[in-house]
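Read off the chains here:
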Amino acid sequence: MAHVAATYDFVVIGAGSAGCAVAAALAERQAGSVLVVEAGPSDRWPLVRMPFGLVWTMGSKTRDWRYRSAPQPGADGRRIGIPRGRMLGGSGSINSMLWFRGCASDFDVWNVEGWAWSDVAPAFEAVEAALRPGRLATPHPLTEALGGLFGANDPTAPPTPEHQSAGVGYFNLHNGRRWSAADAFLRPALAGRVSVLQNHQVSDIAIDGDRARQVRFTDGTAVAARKGVVLSAGAIGSPEILLNSGIGPAEDLRAAGRDTRIDLPGIGANLHDHPGAGLHFMGDGSGYGLHPSLTARWLAAPLQWLLSGRGILASPTVEGAAFFNAAGVDATAPDIQSHFIPFLLGWDGRKYLRGQGYFADAVVCRPVSRGRIALGKAGLEIDLGLFADEADLDLLTRGWMRLRALLADAPFGARKAVEMFPGEAVRSEEAARAHIRATCGTAYHPVGTCALGGPLTPRCAVRGVDGLWVADASVMPRITSANTNAPAMMIGHRAGQMIAEDAA
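Residues numbered from 1 in each chain as written. Predicted model: local features only at pLDDT ≥ 70, side-chain atom pairs only at ≥ 80, totals over all residues. Heavy atoms only, no water.

Draft legend 1. Here's a closer look at the overall build of the protein. Along the protein, the regular secondary structure elements total 13 helices and 24 strands. Relative to its length of 504 residues, the protein is compact, with a C-alpha radius of gyration of 22 Å against a globular reference of 23 Å. If one aligns the C-alpha atoms of the protein with their principal axes, the spans along those axes are about 70 × 50 × 40 Å. Across the 504 residues that make up the protein, the buried fraction comes to 62%. Within the protein, contacts between residues at least 6 apart in sequence are counted, and of these 72% link residues at least 24 apart. Accessible surface, the protein as shown: approximately 18,900 Å² in total, 52% of it carbon and sulfur. For the protein, the centre of its 47 positive side-chain charges and the centre of its 47 negative side-chain charges are spaced 6 Å apart. (Helix = DSSP H or I, 4+ residues; strand = E, 2+ residues; numbered from the N terminus. Rg over C-alpha atoms; globule rule 2.2 N^0.38 Å. Buried < 20%, exposed > 50% of the residue type's maximum accessible area, 1.4 Å probe, protein only. Contact = heavy atoms within 4.5 Å. Areas by Shrake-Rupley, 256 points an atom, 1.4 Å probe, with all protein chains shown as cover. Lys, Arg positive; Asp, Glu negative; His and termini not counted. Charge placed at Lys NZ, Arg CZ, Asp CG, Glu CD.)

Quick look at the structure:
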C-alpha cells in the first residue's frame with residue numbers, strides 16, 4: 001500500500017482549465033478542504049504570460065505532455081501531434097486563448113439532463129464574470145480587415161459559430177498577458193481551504209469496496225479523499241487514469257494485461273477533435289515574419305511588451321476567426337471554422353521561414369468520426385479516428401476550397417499575399433483531398449472520452465463508483481462548434497457545483 005501523506009475532503013486531479021474551475025466552485029460552496037494535484041510545474045514563467053510565448057511552450061519538454069496519436073489510416077498513416085498543457089492552467093497555459101462558447105444547439109443536442117443551453121448559459125456567464133474575456137487590443141491590420149470577408153458581417157462584433165461571420169477574436173487576455181483559469185479561479189480559491197500540489201503525477205485511484213478512497217502517485221505516495229475524487233486531467237489524461245485504476249471496458253483491460261475493478265464500457269471511447277488543414281501565404285508587406293523591414297519591431301518587442309503589454313509579442317498568434325458553410329450558402333448554419341494567423345508559418349517540416357505572410361486553416365465544426373483511447377502493452381494508444389467516416393473528409397475538402405476562394409477575394413488591399421503552399425500544385429478537388437490527407441492535423445481540442453449519459457451520469461459521477469467524478473472536456477458527448485477552452489471551464493464550474501451538492 002502507498003504511504004498516505006495527507007487527507008482532504010476532495011482531491012481534484014489536474015489544475016487545467018476545468019480543474020481550476022472545479023476547485024473554485026467547491027470552495028465557493030464551502031464543500032470542504034480541496035487538494036488540486038498537478039503533474040507539472042507552476043505557470044509562473046515569462047513565456048507562459050507572454051501571448052506569443054506559446055510558440056515555445058507548445059512542445060516544451062517540461063510543460064507539454066507532447067502526446068502523439070497512433071498511425072492514422074485516414075491521414076496517410078501519419079502520427080499526429082497532440083499538445084496538452086502540463087503545468088498550472090493546463091492546456092489553457094499553452095493555447096491561443098480564443099474564447100468561444102459554441103452554439104446554443106451544441107448543448108441541446110447532447111440530450112443530457114442539466115446540460116441544455118438554458119442550463120449552461122448561466123454557468124458561462126459566471127465563468128466570464130471571473131475571466132473577463134475581451135477583444136484583442138492590438139490586432140494586425142490583416143486581422144482587422146478579416147471582418148470584411150462577408151458582406152453582411154459586423155466587423156466590430158466577435159465572430160461566432162451561430163452564423164456566418166469573421167473578424168478579430170475575443171481572448172482571455174488582460175493587459176497583453178495570459179489570464180488563465182489558474183489566475184481567474186485557482187489562485188483566488190487558495191485564500192480558502194484549497195491547496196495545490198505540483199509536480200506529482202497520478203498513477204491511479206484506489207477503490208475500497210465501491211468507493212474512491214485514495215489518489216496514488218507514480219513516486220509511490222498517496223493522498224486520501226474523505227468525500228471523493230474529481231478527475232479533471234483532460235480528454236486523454238482522465239480516461240488513462242481510470243483505465244490504470246481498472247475502471248473501463250473489461251475486454252480492453254484484459255487485452256492490456258490489467259485487472260478489472262469495474263467493467264465500464266465507454267471509458268476511452270468517443271474520442272474526437274476538430275480536424276483541419278491550412279493555407280500558407282507569403283509576400284512582402286503582408287503579415288509578420290522574419291523580414292528586414294520588421295527588424296526594429298522585433299528588437300523593440302520584448303521591452304514594449306514588458307512595459308505596455310503591446311506589440312508583436314502581445315499577439316497570441318491566432319488573432320481572428322471566420323465561420324461559414326462549406327457549401328457557400330450564407331443562410332445555412334456554419335459547418336467550418338477558420339483560424340487566422342497574421343504570421344508567416346513554415347511548411348513541409350520547416351518551422352521558420354524568412355519573409356512575411358499569413359496563414360488560415362479550415363476545420364470541421366462538428367465531425368462525425370470517432371476514435372478511442374486504450375492501454376496498450378507498449379503504452380497509451382491514442383487513435384484520433386481521423387476521417388474514419390469520410391463524410392468529414394468530404395466536408396473539410398469543400399470547406400478548405402471555399403476558404404481558399406474567400407481569401408483570394410479578401411479585402412486585404414496592398415497586404416494581400418500569394419498562396420505559397422500548397423499553391424498551384426493543388427487545384428482540383430481530387431488533389432485537395434489527397435493534400436488534406438497528407439497534411440491535416442487537429443485544432444488541439446480532444447473531447448468525449450468519458451461522456452455524460454454514457455459512463456458518466458448527468459451529474460458527472462462515474463457509474464458504479466461512489467465518490468468519483470469527471471469534470472473536463474472528456475465529458476462532452478459531442479464536441480462544440482468552435483474552440484473548447486471556454487466550454488471546459490464552464491463544465492468545471494457547473495460540475496463543481498453539482499459535486500458540492502451531491503457530496504453534502
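Draft legend 2. Expanded view of the pattern of salt bridges. On inspection of all chains with the given rule, the structure shows 19 salt bridges. We note a salt bridge from arginine 433 to glutamate 390, for which the minimum N-O separation is 3.0 Å. With arginine 433 in helix 12 (residues 429-439) and glutamate 390 in helix 11 (residues 390-408), this residue pair connects regions lying 43 residues apart in the sequence. Taking the relative accessible area as the measure of exposure, glutamate 390 reaches 38% and is therefore partly exposed. Of the charged contacts in the structure, one is a salt bridge between arginine 459 and glutamate 501, with a shortest N-O distance of 2.9 Å. Residue arginine 459 is found in the loop between strand 23 (441-442) and strand 24 (468-470), and its partner glutamate 501 is found in helix 13 (residues 485-503); the two are separated by 42 residues along the sequence. Judged by its relative accessible area of 44%, glutamate 501 is partly exposed. Each member of the salt-bridge network shares a partner with another, and the members are Arg29, Arg459, Glu501 and Asp502. (Salt bridge = Lys/Arg side-chain N within 4 Å of Asp/Glu carboxyl O.)

Draft legend 3. Up close: the nonpolar core. Core analysis: the largest hydrophobic core is formed by 80 residues, its most contacted members being Leu26, Trp115, Phe185, Ile205, Ile247 and Leu468. Among all residues touching leucine 468, those that are not within four sequence positions of it are Ile205, Ala212, Val229, Leu242, Ile247, Cys460, Ala461 and Val462. Residues Tyr67, Leu271, Ala410 and Ala432 belong to the second largest nonpolar core, which totals 43 residues. (Core = buried A, V, L, I, M, F, W, Y, C linked by side-chain atoms within 4.5 Å.)

Draft legend 4. Region of interest: helix 8 (residues 234-244). Within helix 8, nine of the eleven residues are buried, which leaves the element mostly enclosed by the surrounding structure. Within the span of helix 8, buried status applies to Gly234, Ala235, Ile236, Gly237, Ser238, Pro239, Ile241, Leu242 and Leu243. Just downstream of helix 8, glycine 246 is the residue with a positive phi angle, here 80°.

So yeah, pure geometry; function would need other evidence.
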